[in-house]
Each structure stands twice: as structure tokens, then as C-alpha cells.
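# Summary of structural features
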Amino acid sequence: MAAWIPEARWGFAQGLTHSAARIGNALTPPLVALLVGVVSWRGSFLVFAGFNLLWLLPWIWMTRAEPDQAAPRPTRRIGARNWLALARRILPVTAVDFCYGWTLWLFLSWIPSFFYESFHLDLKNSALFSTGVLMGGFLGDLLGGYASDRIARRTGNLTAARRNVIITGFLGAFICLLPVVLVHDLIIDAVGLSLACFFAELIVGPIWSAPMDIAPRYAGTASGMMNLGFGIAGIISPSCFGYLIDLTGKLGLFLRRFMGLLLLGSVLAYRIRAGEPFVEPAAPATAAFQLPG
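Our subject in this report is the structure included herewith. The structure presented is a predicted model; accordingly, all values stated were derived computationally and were not measured.

## Comments concerning the overall build of the protein chain
The helix and strand tally for the protein chain stands at eight helices and zero strands. Reading the secondary structure of the protein chain in the N-to-C direction produces α-α-α-α-α-α-α-α. Here the protein chain holds 293 residues, and 43% of them are scored as buried. Sequence separation of at least 24 residues holds for 82% of the intrachain contacts in the protein chain that already meet a minimum separation of 6.

## Brief notes about the environment of phenylalanine 138
Residue placement: phenylalanine 138 occurs in helix H3 (residues 123–155). For phenylalanine 138, a relative accessible area of 17% translates into the label buried. Spatially, the C-alpha atom of phenylalanine 138 lies 8.1 Å from that of alanine 21, the residues being 117 residues apart in sequence. Residues within four places of phenylalanine 138 in sequence aside, it is in contact with Ser19, Arg22 and Ile23.

## Comments concerning the pattern of salt bridges
Within the structure shown, the criterion is met by four salt bridges. Between arginine 22 and aspartate 141 there is a salt bridge whose closest N-O contact spans 3.9 Å. With arginine 22 in helix H1 (residues 10–62) and aspartate 141 in helix H3, this pair connects stretches of sequence that are 119 residues apart. Overall, arginine 22 belongs to the buried group, its relative accessible area being 6%. We classify aspartate 141 as buried; its relative accessible area is 0%. A salt bridge links aspartate 149 to arginine 162; the nearest nitrogen and oxygen atoms lie 3.1 Å apart. Pair noted here: aspartate 149 is in helix H3 and arginine 162 is in helix H4 (residues 158–182), with a separation of 13 residues, a long-range link. Here the residues in one salt-bridge network are Arg22, Asp141 and Glu201, joined through shared partners.

The rules behind each value
- Residues numbered from 1 in each chain as written.
- Predicted model: local features only at pLDDT ≥ 70, side-chain atom pairs only at ≥ 80, totals over all residues.
- Heavy atoms only, no water.
- Helix = DSSP H or I, 4+ residues; strand = E, 2+ residues; numbered from the N terminus.
- Buried < 20%, exposed > 50% of the residue type's maximum accessible area, 1.4 Å probe, protein only.
- Contact = heavy atoms within 4.5 Å.
- Salt bridge = Lys/Arg side-chain N within 4 Å of Asp/Glu carboxyl O.

Okay, here's the thing in C-alpha cells:
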């Protein structure tokens, strides 16, 4: 993206890309529920695998084209000397992405079973409610990236444009989850979770743009460093959720602790400095010497 997309559109481009992922997340529960009844759950895996293989063909064809030379940004490999310096520079974004990742993995791993177990809905209706929640995330992806780019163009303050949308996302998700914790009602919980997913996904466009803002020449490496936080959250979050529910039997207790990470993410977001480009450390000076005579 750093090479193909104009800098002023990075937030929207990232939001658009991830909104497609949320459509996939939203459509999967009802599709799987349908396929399980027709070809069993093993067959549903084979169907999705076939679609993945078919997608390789247009993907290979589309990515053979060269970037638009009107506004490309050259990228290059990062040397070992600069790798640690860049990792330290990206660390605040990595920490925020961990908090976001914990949120998303909770939605992806828990929402499909929440309606089934908490309200005793059948598989079909549970899948439909899950789709509604995740569609809120689809809208959040689109709006978050667009809003971040628009704020950056209007104010000229890239740091505030990325940071403020991220903070809004964390705090909005926190507020919208309060009814879910306090009230046990199908409609209230469904609306609260949908809005919480919407606000959480406002974070995606700006947080994925931040590594490109900070280090456009090392955009792939910087984005991978940031997404390390998301990956760690994906390992820990579902396991912690299951363990605490088994241990306490109280969903509300887990949600309260989880909501604390939303507040933590909003605080950590103040450390993101998207408007301050990464400066490569100077090469170590070599001692000059002169041969005698």
C-alpha cells in the first residue's frame, strides 16, 4: 500500500481492505450453518478451501501490475542495525494493537456461541445475530479510515488524526459494552455488541496506517512489528476467556476485565506519533588512521 496508494488515502485504503475481512467474518456464521446441514462441518471446510484456491488466480493476475508511478513510495529492506531501532519506534503501536486484537478476537471467537448459550437460540438464529454484530464492524472499518484521512487533510496534524480516531474507537466500544454487562436482554445485548464492534473497528484504518506513516520505506516490516501485538492477543484472548468462564462461571466478570483493556488501549494511544517519521540511526563512525611516512 505504501507503494501503490497516495499517502492521503492510506487510512481509507486500510479501512476498506479490513472491511472486506469483516464481511467475511459476518457472512461465515450463516454460511457455515447452512453448509453444515447440507455437507456436514467437514464438507464446509472443503467448500471454503476451494474458494480460497480459486481466489489465487485473480490475485496473481491483479498483483502483476506495476504501481502507479505518479505517486509511488520506494520501499527497501531494513538492515539489522535499524531493525531494533524501528521496533522500539513501533512498540507503542504494537501495544495498542494488542488491546485492539484482544477485542476483535473476543468478538470472533465468542460472539457466535454467546447468543446460542446465553439466550438458547438455535444455530441458525445465533448465526444471524452474530452476522448483525460483525456487520457493525464492517461499517466501522470504512468510517474509521475515512475519518482519519479527512481529519489529517483538514488539520495537517497526522498524529492527532490517527490517535484521536483510535481513542474514540476504544472509548466508544467501552461505553457500548456497559449495557451488555448490566442487562440480560437479547435485543439490548445485540445492539450493544453491534455498536461496540462498530467502534472497535474504527481503530483499524488509523492503526494500520500508522506504521506506513512512521516508516514508509519499511512499511512491510513496520506493519509486521505492529501486528505482532494482534497475534499475541489472538493466542491469549480465547484461552483466557474459556479458562475464566470455566473457573468463575460469570461472563460479566470476564467482560469487565476485558473492558479494562479498552481503557488501557485509549491511554496507550497517546504514545502513537504517526506524524513523526522514523529516522534511521547514524552509522557508527570508523576511526580514521594514517600510515606513517
